[in-house]
Amino acid sequence: MKENLYQMSKSYSIIAESLTKTFGSFTAVDSISFNVSAGEIFGFLGANGAGKTTAMRMLCGLSKPTSGSAVVAGFNIDKESESIKQRIGYMSQKFSLYQDLTVSENIEFYGGIYGLGKQKLAQSAKELLHRLHLEKDARTLVRALPLGWKQKLSFSIAIMHQPSIVFLDEPTGGVDPVTRRQFWQMIYEAADHGITIFVTTHYMDEAEYCDRVAIMVDGKIEALDSPQQMKEQMKAEDMNEVFYRLARTATRASA
Amino acid sequence: MNKMKYILRKEFKQIFRDPAILRLIFLMPAIQLLILPFAADYEIKNINVGIVDHDHSTYSRGLIQKIEFSSYFNLTEYSDSYQMGLQWIESETADLIIEIPTNFEKNLVRESEATLFLAVNAVNGPKGNLGAAYASNIIRSYNQDIRSEWIQWPRMNPEPQIEVVASHWYNPTSNYQVFMVPGILAVLLTMVGGFLSALNIVREKEIGTIEQLNVSPIKKHQFILGKLIPFWLLGFVVLTIGLMISYVIHGIIPGPNLGTLYLFSGIYLLAILGFGLLVSNFTDTQQQALMVAFFFMLIFILLSGLYTPIESMPKWAQIVAWINPVTYLVDVCRMVMLKGSVLSDMTFHLVAIGFTGVLLNTLAIWTYAKRT
């Protein structure tokens with residue numbers, strides 16, 4: 001079985017097999033299995049408390065699965081979680097840049113700890129600032145940037161070390177529609193460069209941008225398909241409707 | 001190791017950009033060393049004395065005068081009724097009552113013997129005890145005065161006397177500041193090492209940036225070293241500022257073995273940083289960390305021999321005191337700054353604090369989990 005997982009990992013970025021996480025008697029993630037191909041934009045949908053973040057944290061090596069296994073970027077999350085870390089980018093729900101450092105200092109710090117060389121770092125920093133039109137704000141404290149800019153900067157820094165997968169945990173929460181569009185533009189560009197995107201969201205319009213989506217209800221994956229297929233199968237007009245029909249069955253209180 | 005450079009650069013930038021930390025580092029030693037040694041003083045002065053004089057004689061007046069002229073007492077009340085005296089104590093206008101009975105002079109002259117009565121308000125224990133002791137001393141010396149008045153010299157002294165001359169080693173003038181300053185320095189180092197480091201780490205948890213570091217290839221020990229090194233160095237800065245203040249204000253020259261003090265402080269800081277780290281591992285918010293650290297700090301300071309001698313504590317408290325790392329630093333500070341002790345005098349201290357350091361840091365690294 002294990003051998004099999006490694007064989008498969010050559011064509012898949014993420015392979016999850018009956019991944020489970022329980023906290024006491026509460027099962028946050030209930031035996032989920034799925035594969036994500038390299039370069040795919042994979043959406044993870046669910047109401048608050050459905051278990052999206054817990055599942056993502058296990059895949060990033062932040063949380064130890066209670067049972068089940070997964071291979072991320074060719075490494076087993078249980079035994080090789082440290083090796084995974086060089087190969088993934090992560091953008092958490094909480095804003096994760098240092099507010100009391102400037103834009104360039106944040107870039108330098110994160111570039112540095114991922115082991116980008118001095119020259120590579122300087123070059124990436126320059127490109128990054130140019131792409132985000134932040135050249136003039138390079139010496140501004142991150143605290144002073146508007147939220148949308150912060151999120152774009154956060155994402156750019158998360159992929160600066162060219163990971164093979166980037167995990168985005170509700171990256172566009174609280175961001176205005178225009179910036180959200182720009183943000184997704186950046187996601188597409190990253191995917192074009194071969195980076196696998198694993199994104200959780202509860203905006204259903206964003207679900208339409210994904211190659212495939214998994215809908216989580218009460219810790220289980222209720223549906224997994226392309227948005228197009230899902231809509232056709234359920235004879236729904238849009239993803240909103242698909243989501244409502246599936247999430248209606250939820251018994252867990254959603255906050 | 002290249003990563004360490006980036007981590008340290010980030011930590012230092014954050015520290016020097018935080019006005020609160022800078023203020024703490026420079027103002028804390030200044031204020032504590034300027035105010036505390038002058039204010040928190042063991043010497044008890046200004047004891048209010050009430051005198052109940054039933055005798056109204058030359059000798060009773062002589063005694064009253066002697067008490068009045070001593071720098072320890074303020075003569076606040078005077079009466080010839082003991083009832084009044086008790087009222088003074090109740091209303092706290094007098095801490096001490098000396099009752100001179102009727103026929104005090106007569107008995108003294110005729111029978112060479114007289115009695116006095118001392119009543120002490122013991123609500124403030126040390127003040128009452130010391131007051132009674134001072135008063136007894138003054139009365140004894142008054143007794144001597146009378147005796148020498150009566151005896152005609154150069155006859156043989158009818159009663160052999162032992163005179164005690166005490167010489168105060170290491171602190172010749174028994175200056176209280178000289179005793180307190182090294183102790184306060186020790187507490188300052190503990191605050192910087194134990195408090196600031198804990199708060200700094202928990203802040204990363206609170207803001208959420210620690211998650212981002214935990215998914216990065218930074219190793220556990222790199223993260224922890226990145227937090228320890230800046231505060232270790234800051235500890236030396238605080239120590240240096242403190243030593244300068246104690247020289248300028250209190251005139252305490254830290255002795256010829258300054259290097260010893262720095263060496264020991266370096267090892268001590270490692271131990272107390274381990275404590276800070278441990279606190280941060282078991283708390284999630286700065287508030288929690290502060291409360292936990294404060295709880296320990298109170299015990300650390302009260303059971304360190306800074307204010308009260310360890311030897312007079314009950315057995316169990318003595319055990320706690322010798323587990324307490326602050327005890328060792330207070331002791332070493334005093335040894336080096338007052339006695340000029342050298343490294344070989346503090347072998348036991350070094351071993352003890354070294355062991356504590358290894359223990360606390362091992363526990364801290366062990367309990368710091370990159371994942372849950």
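Residues numbered from 1 in each chain as written. Chains lettered and ligands numbered in written order. Predicted model: local features only at pLDDT ≥ 70, side-chain atom pairs only at ≥ 80, totals over all residues. Heavy atoms only, no water.

**Points about the sheet that holds strand S6 (residues 88-91) of chain A**
All names here are of chain A. The test is simple: For two strands to pair, DSSP has to find at least two bridges joining them. In this text, helices come from DSSP runs of H or I with a minimum length of four residues, and strands from runs of E with a minimum of two, each type numbered from the N-terminal end. Every axis in this analysis is a line fitted to C-alpha atoms, fitted for helices over the stretch in contact. Angles between the N-to-C directions lie between 0 and 180 degrees.
The sheet built from 6 strands is open, its strands ordered S6-S7-S8-S3-S9-S10 with mixed pairing. The sheet is open, and its two edges are formed by S6 and strand S10 (220-225), each paired on a single side. Ignoring strand direction, the axes of neighbouring strands in this sheet form an average angle of 15 degrees. Here strand S9 (residues 212-217) pairs with S10 via 5 bridges, running antiparallel.

**Concerning the interface of chain A and chain B**
In many reports, interface size means the accessible area that the parts give up when they come together. What counts is decided by this rule: What makes two residues a contact is simply this: any of their non-hydrogen atoms within 4.5 Å. Note on definitions: buried area is the accessible-area loss of two parts on being combined, 1.4 Å probe, summed for both. Salt bridges are counted wherever a side-chain nitrogen of Lys or Arg sits within 4 Å of a carboxyl oxygen of Asp or Glu. Polar contact is defined as a pair of N or O atoms within 3.5 Å, subject to the rule that within protein one atom must be able to donate a hydrogen and the other to accept it, and that residues adjacent in sequence are counted only when both atoms are side-chain atoms.
Taken residue by residue, the interface counts 35 residues in chain A and 26 residues in chain B. For chain A, the biggest contributors to the area lost against chain B are A:Leu62, A:Tyr98 and A:Ile113; these three give 21% of the whole. Counting every contact that joins chain A to chain B gives 5 salt bridges. Between A:Glu108 and B:Arg9 there is a salt bridge, with its nearest N and O atoms 2.9 Å apart. Counting across the interface, chain A meets chain B through 11 residue pairs in polar contact (both at pLDDT 80 or more). At the level of elements, helix H3 (81-87), S6, helix H4 (103-113) and helix H5 (118-131) of chain A are the ones that each hand at least two residues to the side of chain A that touches chain B. Per element, the largest residue contribution to the side of chain A that touches chain B is 6 residues, and it comes from H4(A).

**Overview of the domain arrangement of chain A**
Residue and element names in this part refer to chain A. Rules: An automatic or database domain assignment supplies the start and end points of every domain.
By domain assignment, chain A separates into domain 1 (1-67 + 164-255) and domain 2 (98-163). Of note, the centres of domain 1 and domain 2, computed from C-alpha atoms alone, are 27 Å apart. Domain 1 puts 16 residues into the contact, and the matching count from domain 2 is 12 residues. The junction of domain 1 with domain 2 conceals about 1,100 Å² of combined surface from both sides, 76% of it contributed by carbon and sulfur atoms. Counting across the domain 1 and domain 2 interface gives 0 salt bridges. The interface formed by domain 1 and domain 2 holds 2 residue pairs in polar contact (both at pLDDT 80 or more) in total. Contributing elements (two or more residues each) for the side of domain 1 that touches domain 2: strand S7 (165-169) and helix H7 (177-192).

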